[in-house]
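Single-letter residue listing:
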Amino acid sequence: SVDGLAEDFQDELALSSMNGDIDDEGNDVALPEWACSFCGIADPACVVKCVEDGKWFCNSCGSTSGSHIIHHLVRGKYNQVSLHEKSLLGESTLECYNCGCHNLFLLGFVPAKADSVVVVLCRVCVENVQALKEMGWELAEWLPLIQDRRLLPWLVKVPTEQQQLRARQVTAAQINKLEEMWKEDPNA
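Now for a description of the structure that goes with this document. (Residues numbered from 1 in each chain as written. Predicted model: local features only at pLDDT ≥ 70, side-chain atom pairs only at ≥ 80, totals over all residues. Heavy atoms only, no water.)

Examining the overall build of the protein
To keep it simple, the criterion reads: Secondary structure is summarised from DSSP: a helix means a run of H or I of at least four residues, a strand means a run of E of at least two, and numbering begins at the N terminus for each. Burial status follows relative accessibility: with a 1.4 Å probe on protein chains alone, a residue under 20% of its type maximum counts as buried, one over 50% as exposed, and anything between as partly exposed. Note on contacts: a residue pair qualifies if any of its non-hydrogen atoms lie within 4.5 Å across the two residues.
For the protein, the helix and strand inventory stands at six helices and 10 strands. For the protein, the residues scored as buried account for 39% of the 188 residues in total. For the protein, contacts bridging at least 24 residues in sequence account for 55% of all contacts bridging at least 6.

So this is what it looks like as structure tokens:
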């Protein structure tokens, strides 16, 4: 049952509070709404929101093979994210500049003519839209926004080692259990 899974999951994470964090003096502190649903990291530069279910996840891998956001998107069969309003690039849902595609797994970037500016484009447009080739962009330099199972760090920062050490230490098995619980009860 969902209740049994929830209790088991809570027991496995007994060393840290699921609803908060501990400050430097050892006091419980409530986490903000945008804290990672897995580990509790809440730095706006390190988290993104899953558009489909509204949960927030960080770009840390913790003890897993991919970042928490990528793991959640794959397990939940989701593909859209938005950045936090206080992130480096401000609040926005990632999308293709040309067609508006929101599928993160299809999105990448190319350098624009101006220095330090990139254009987010989907793989389909880069391969098939002739007008983009006439824009003077180096389409051959297109790279995906996801590399090594995490978002590129200029887009969403990887939490510092200190932030990761202070975060809840969750295993892949615990994350998978939580994902299964959310399938039955999204508010679990």
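Once you've had a look at it, read on.
Side note on the pattern of salt bridges
Selection criterion: Between Lys or Arg on one side and Asp or Glu on the other, a salt bridge is scored when a side-chain nitrogen of the former is within 4 Å of a carboxyl oxygen of the latter.
Summed over the entire model, instances satisfying the criterion amount to two salt bridges. Between R75 and E180 there is a salt bridge, with its nearest N and O atoms 2.9 Å apart. Placement of R75 in helix α2 (residues 68-76) and of E180 in helix α6 (residues 172-184) is noted, with a sequence separation of 105 residues between them. The exposure class assigned to R75 is partly exposed, which follows from its relative accessible area of 28%. Classification of E180 by relative accessible area gives partly exposed; the value is 33%.

Structural notes on a nonpolar patch on the surface
Heads up, the rule is: Patch criteria: residues need more than 30% relative accessible area and no salt bridge. Like-charged residues are merged within 9 Å; nonpolar side chains of Val, Leu, Ile, Met, Phe, Trp and Tyr are merged within 5 Å. Only the protein chains shown count as cover for residues, with accessible areas throughout obtained via the Shrake-Rupley method and a probe of 1.4 Å.
Nonpolar side chains collect at one region of the surface, where L88, L89, V118 and W154 lie side by side and expose about 360 Å² of accessible area between them. According to the relative accessible area criterion, W154 is partly exposed, its value standing at 35%.

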